[in-house]
Amino acid sequence: MSGEAVPTVRRWRREWLLPLVLAMATSAWMLAVEGRQGIGRDESQYFRAGERYWGWVESVWNNLRQGHPARAFTRAAVDGAWDDNHEHPGLMKLLYGTSWRLFHKCDCMGGKRGLHPIPISGKPVTLPLFRRESSAFRFPAILLAGLGVALAYWLARRMLRPTPAAVAAVLSVAQPHYFFHAQIACFDVPITVMAVLVALAYWKSLRSPRWGILCGVFWGLALATKHNAWLFPFFLLAHYLWMRRGDLRRPRLPRVPLAFVSMATLGPLVLFMLWPWLWHSPVQRTQAWVQRHMQHEHYNFEYLGRNWNLPPTDTRLKLLRVTFPFVSTLFTLPVTTMALAAVGTVLFLRRRRRDGASVFVAAPPRALRPSWLRPGADVDRAGGAFLAIHIAGPIAMVALPSTPIFGGVKHFLPAMPFLCVLAGAGAGWLIQVAGKLAMAPRLRRALPLALAALLCAPAVAETQRSHPDGLGHYNLLAGGFAGGASLGMNRQFWGYSALPLLPWMIAHRPASNRIYWHDVLHDALIMYTRDGRLPLGIGDAGVGEQVVEQSDLGIVIIEKHFTVYEGLLWRAYGTTAPSSVYTHEGVPFVVAYERRKTRPELLAK
Amino acid sequence: MFIDRDYLRRRRVAVVLGAIIVLLAVVETGNALVAPLRTPSDRDWTTAAARVRAEFRTGDLIVAAPAWADPLMRQKLGDLVPQAVAGRMDSARYGRIWEISQRGARAADTTGAAVAATARCGGLTVRRWEKPPATVTFDFLTEWRQASMAVVHADGVEIPCTQGADRFQCVGAALGPELLEIDTTLRNGLAVDPVEGVTLALEFPAVPLGRELTVAAGLHNVWLRKSSDGKVRLRVLADGRELGTVLVTSTSGWSRQGYDTAALAGQTARVRFEITVDKAHGRHLGFAAEARNP
């Protein structure tokens, strides 16, 4: 009896407790630091949309109570809420809005009442987990990031032993750029988590029909998260054809697996159910959604000292542009993580040879013949190809010169958990080598944990170092923040970095109250005010070049293409000297200027 | 005995590779902890600024290296770097250049100069570079009021423009000094929106020439450069003889040309700039020029 109980407990610890602890530690880490992270352009719009979507949910309930259940489902009622920010599906925004409604400390009946995008009729009952409303909005993203770590662990466990899988899981979140995106109410880490969820379900579906059905549901959730999900079936199909390449040689077409049938049917259905904006014109609006992202404009983005805002036309620049995701990866991932991933790649390439085999968990074919319910039961599931496709796929998409690069690393974040499974394999190998080298039993026992901690330490330290400016962080190879700036790599976007300057801005608020906030969106200013970080009535001169002249205090977010706005402030305020500069490790992120009494022409002399 | 020497002998490559990765992890962790402490502090900047101020002379140039530290330099010394200097065409006219440098960087403005003084201020290095300055015999930007301007039609008819307080006003065009953003850098220049089908001619009647006439030109505003693709031509003539043409496009940046005027050095000449464009939409040309002895 006891002989059976011990392995069960150990198995429970390994398969559930360890990932749960990792997930909780991840979310706790993010909750502890997210308050230092400013509010970006996109995030502030998702706050607004999320609250409006929640307003619609409330209207469903209110109409139901009033005996008019259909009213909330009319086109006007649905579009009234869901038309807001309809370029992205609603699932995450609905979660953000719901979390806000449930978990913020309500301070919405006084002067802040008018700052909400939905009518506030009375003080709502909430569970006041968060002092700041923005934290309540971000909570689902943070929980999902925690889940992402657990999923990375479970994915890695399909191929690796527990300790290397745990290393893979930690490394999947301990990346400065990933961490930046993981704690904010946006979609880039949520879609990465969904990528792992769908991939894991597909992997398991190769030998379990239950997971085949779930794969379709999960893909629907991914579709309802962000449009990156459109690519997932192509990655899975590529792997499936590779795994079943024996069928193609015979020649015989491989069976269509249950996972694909499920994705084709349940996926769109789940998307449709979770996105009310589609309900009244599903075909037309799906087309509009697809077209929006297929024809997305090229925003400005700095890469290797150049400002990129159009697809390059000459060959030299096209080639330089192709290098973008590779060089960005080289300069943004912790170097130790990359070294481990390189070792892991070699191990996967040599997986079927005897010498590398012990790093991997054995999962031999279980059946002689496949079936559409278990299409991977009779073959090796080709874990290396599976990881390679999920790493190369998103990166290759961004490498195309015609693809906009304005989001930088965030556009290929879905590759990262898979890359970290490779790094986990590398860690497993290193632990194995060290274990064989060590003679002393005590040392041998302590080594796996010590090495795992040591191998995760640089990634964790770099991530902590980068906060709250993970976008501007570059690794040891690039020379950190300063090195990245010197190389002409992108420093930031979205105007999130104004947060550390807010106390200074309040202290230097001009009598006229005319403040130019540059790239900090009005929605972000509203949320800073709701959070109590800006006083009610703080001025906002608006956007555009023409309003700079009318302001008396202004900031410029430092991005290469924003130089024009700094020039406008020089001219309007009659000075080239910023009154305040926000820096991270000495690298400027935001400059603030005040209008001088002296005329510009006098200063020029 | 902690180590299996036999295993070490058999798997030497693997052990060395493993040791390298472990060492890398230690170095990377250490760097992540230590690097932030090596950042130049506000105190370093204040000290460096005080040192520059103590010896600064009118006509000196102050720069930061790397260039991304420029806002920090201007925060401390912006009063000594007015717009006219910050938006300079180039640094040829500056004989003394103060460089506040970090991490071993060197400013491009100091090319060809020699170090005359160096001082460490914490994480910063203050260097005074010296070089023979170019003697500017005529600055077309600051002396723009000496010029006349006309719109020249294809049939040769010239319609003169009127000179206002801050610009020339022509039929369908205007030209005057502005602070411009060209190639994501701020530049002082004469700004004009070229017009299709005509030539905008800016003529300086009596320019004291040096051995070189330097012209720099580019297109203003990142958004306009993105949305338009017209090509602007800036033709430069001295006493009716063409010195050259600067071709300005969305990607040509701040394009600088030096024309040899040694044959006319010391003489006064009529210098004419002719501006034409194939597609005028979104083209906002900025240019500056100096006659000088390098």
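Remember, predicted model here, so these are calculated numbers, not experimental data. (Residues numbered from 1 in each chain as written. Chains lettered and ligands numbered in written order. Predicted model: local features only at pLDDT ≥ 70, side-chain atom pairs only at ≥ 80, totals over all residues. Heavy atoms only, no water.)

Novice: Which parts of the structure should I look at to understand the overall build of chain A?
Specialist: Counting secondary structure elements, chain A contains 25 helices and six strands. Relative to the 2.2 N^0.38 estimate, which gives 25 Å for 605 residues, the radius of gyration of chain A is 26 Å and therefore close to what a compact globule would have. Each of the three principal axes of chain A carries a C-alpha extent, and together these read 85 × 65 × 55 Å. Here chain A holds 605 residues, and 60% of them are scored as buried. When contacts within chain A are restricted to residue pairs at least 6 apart in sequence, long-range pairs at least 24 apart make up 76% of them. (Helix = DSSP H or I, 4+ residues; strand = E, 2+ residues; numbered from the N terminus. Rg over C-alpha atoms; globule rule 2.2 N^0.38 Å. Buried < 20%, exposed > 50% of the residue type's maximum accessible area, 1.4 Å probe, protein only. Contact = heavy atoms within 4.5 Å.)

Novice: Whenever I open this one, the nonpolar core confuses me. Can you help?
Specialist: The tendency in soluble globular proteins is for nonpolar side chains to be buried side by side. Core analysis: the biggest nonpolar cluster contains 215 residues, and A:F386, A:W517 and A:I555 have the highest contact counts within it. What A:W517 contacts, discounting residues up to four positions off in sequence, is A:L502, A:M505, A:L525, A:L534, A:I538, A:G539, A:D540 and A:I555. Counting residues in each nonpolar core, the second largest holds 42 residues, with B:A147, B:M149, B:A238 and B:L264 among its members. (Core = buried A, V, L, I, M, F, W, Y, C linked by side-chain atoms within 4.5 Å.)

Novice: I tried to follow the domain arrangement of chain B on my own but got confused; where do I start?
Specialist: Many structure descriptions define interface size as the accessible area lost when the parts assemble. Along its sequence, chain B is carved into domain 1 (12-37), domain 2 (42-133) and domain 3 (136-293). Inter-centroid distance (C-alpha atoms) of domain 1 of chain B to domain 2 of chain B is 37 Å. (Domains from an automatic or database assignment.)

Novice: Explain the sheet that holds strand β6 (residues 587-594) of chain A here, please?
Specialist: Residue and element names in this part refer to chain A. The mixed open sheet is built from four strands, whose spatial order is β3-β4-β6-β5. The open sheet has two edge strands with one neighbour each: β3 (515-516) and β5 (580-584). Bridge analysis of β5 against β6 gives five bridges, and the strand direction is antiparallel. Bridge pairing links T583 to P588 in β6. (Pairing = 2+ DSSP bridges.)

Novice: What's the story with the pairing of strand β6 (residues 148-152) of chain B in this structure? I'm lost.
Specialist: Each regular strand carries side chains that alternate between the two faces of the sheet. All names here are of chain B. With four of five residues buried, β6 is to be regarded as a mostly interior element. Bridging between β6 and strand β12 (residues 199-208) involves five bridges; their strand directions are antiparallel. Across the sheet, V151 pairs through a bridge with L200, a residue of β12. As judged from the three bridges shared by β6 and strand β7 (residues 158-160), these two strands associate in the antiparallel manner.

Novice: Would you mind showing me how to read the domain arrangement of chain A here?
Specialist: Residues and elements named next belong to chain A. Taken domain by domain, chain A comprises domain 1 (35-139), domain 2 (145-472) and domain 3 (496-604). One C-alpha centre belongs to domain 1, the other to domain 3, and the line joining them spans 29 Å. Listed per partner, the contact involves 22 residues of domain 1 and 15 residues of domain 3. Across the interface of domain 1 and domain 3, roughly 1700 Å² is buried in total on both sides, 57% from carbon and sulfur atoms. Broken down residue by residue, the surface that domain 1 buries against domain 3 is led by I39, R41 and L115, which jointly contribute 36%. Taken together, domain 1 and domain 3 are joined by four salt bridges. A salt bridge links R41 to D519; its shortest N-O distance comes to 2.6 Å. (Buried area = accessible area lost by both parts, 1.4 Å probe. Salt bridge = Lys/Arg side-chain N within 4 Å of Asp/Glu carboxyl O.)

Novice: Explain unusual backbone geometry here, please?
Specialist: Across the chain, the bulk of peptide bonds are trans and the bulk of non-glycine residues have phi less than zero. In this chain, A:H467 is followed by A:P468 through a cis amide linkage whose omega measures 5°. As for its placement among the helices and strands, A:P468 is situated in the loop between α20 (441-466) and α21 (480-487). Note the cis peptide between B:A65 and B:P66, where omega equals -5°. Here A:N513, not a glycine, exhibits a phi torsion of approximately 65°, which is positive. With a phi close to 80°, B:N221 is a non-glycine residue in the positive phi region. Here B:N221 shows up in the loop between β13 (212-219) and α6 (222-227).

Novice: Sorry, what's going on with the pairing of β6(A) here?
Specialist: Residue and element names in this part refer to chain A. For β6, the buried fraction is high: seven of the eight residues fall into the buried class. Summarising the sheet, strand β4 (residues 553-557) and β6 pair through five bridges and their orientation is antiparallel. Across the sheet, residue I555 finds its bridge partner in β6, namely A592. Adjacent in sequence and paired antiparallel, β5 and β6 are bridged by two residues, among which E585 carries a positive phi angle near 50°.

Novice: Can you help me understand the environment of B:E158 in this one?
Specialist: All names here are of chain B. By secondary structure assignment, the location of E158 is in strand β7. Assessed through its relative accessible area of 43%, E158 is described here as partly exposed. C-alpha of E158 to C-alpha of D6: the two residues are 152 residues apart in sequence and 94 Å apart in space. Apart from residues lying up to four places away in sequence, E158 is in contact with A150, V151, V152 and R272. A distance of 3.5 Å separates polar atoms of two side chains, one belonging to E158 and the other to R272. (Polar contact = N/O pair within 3.5 Å; in protein donor to acceptor, adjacent residues only side chain to side chain.)

Novice: I'm lost on the pattern of salt bridges in this one. Help?
Specialist: All names here are of chain B. Under the counting rule described, the total for this entry stands at 53 salt bridges over all chains. E242 is paired through a salt bridge with R235; the nearest N and O atoms lie 2.8 Å apart. For R235, a relative accessible area of 31% translates into the label partly exposed. Salt bridges sharing common partners tie together E158, E203, R235, E242, R270, R272 and E274.

Novice: How should the interface of chain B and chain A be read in this particular structure?
Specialist: Listed as interface residues are 47 residues of chain B and, on the opposing side, 61 residues of chain A. Summing both sides of the interface, chain B and chain A together bury roughly 4600 Å²; the carbon and sulfur share of this comes to 69%. Considering only the side of chain B, the residues that lose the most area to chain A are B:E28, B:W68 and B:K226, jointly responsible for 16% of the buried surface there. For the pair chain B and chain A, the number of links is one salt bridge. Linking chain B with chain A are 16 residue pairs in polar contact (both at pLDDT 80 or more). Element by element, the count of residues in the side of chain B that touches chain A is highest for helix α2 (residues 12-34) of chain B, at 14 residues.

Novice: Which parts of the structure should I look at to understand the sheet that holds strand β3 (residues 114-121) of chain B?
Specialist: Sheet strands line up and pair through hydrogen bonds in the backbone, either parallel or antiparallel. Residue and element names in this part refer to chain B. The four strands lie next to each other as β1-β2-β4-β3, forming an open sheet whose pairing is mixed. Of all the strands in the sheet, the pair left with one neighbour each is β1 (61-65) and β3. Between one strand axis and the next, the sheet turns through 20° on average, direction left out of account. Of the pairings in the sheet, the one linking strand β2 (residues 96-101) to strand β4 (residues 124-130) comprises six bridges and is antiparallel in character. Across the sheet, residue E99 finds its bridge partner in β4, namely R127. Strands β1 and β2 of the sheet are contacted by helix α4 (residues 70-77), whose axis makes an angle of about 140° with β1. (Axes fitted to C-alpha atoms, helices over the stretch in contact; angles between N-to-C directions.)

Novice: Explain helix α8 (residues 188-205) of chain A here, please?
Specialist: Quick reminder: α-helices carry 3.6 residues per turn. Residues three or four places apart thus point the same way. Here α8(A) spans 25 Å end to end across 18 residues, near enough to the 26 Å set by a 1.5 Å rise per residue. A large share of α8(A) lies buried, amounting to 17 of its 18 residues. (Expected span 1.5 Å × (residues − 1).)

Novice: What is the right way to look at the side chain of A:S44 in this model?
Specialist: Relative to the helices and strands, A:S44 is located in helix α2 (residues 41-65). The residues touching A:S44, leaving out its near neighbours within four places in the chain, are A:I39, A:L521, A:D523 and A:A524.

Novice: I tried to follow the state of the cysteines on my own but got confused; where do I start?
Specialist: When the sulfur atoms of two cysteines share a covalent bond, that bond is a disulfide. Counted by the stated rule, this structure contains two disulfides over all chains. With its sulfur 2.4 Å from that of its partner, A:C106 forms a disulfide with A:C108. Torsion about the S-S bond of the A:C106 and A:C108 cystine: about -80°, corresponding to left-handed handedness. There is no split in this pair, since A:C106 and A:C108 are both buried. Sulfur-sulfur distance for the disulfide between B:C161 and B:C170 comes to 2.1 Å. Its S-S torsion of about 105° marks the bond between B:C161 and B:C170 as right-handed, since a negative value means left-handed. We classify B:C161 as buried; its relative accessible area is 11%. Since its relative accessible area comes to 7%, B:C170 is described here as buried. (Disulfide = S-S within 2.5 Å.)

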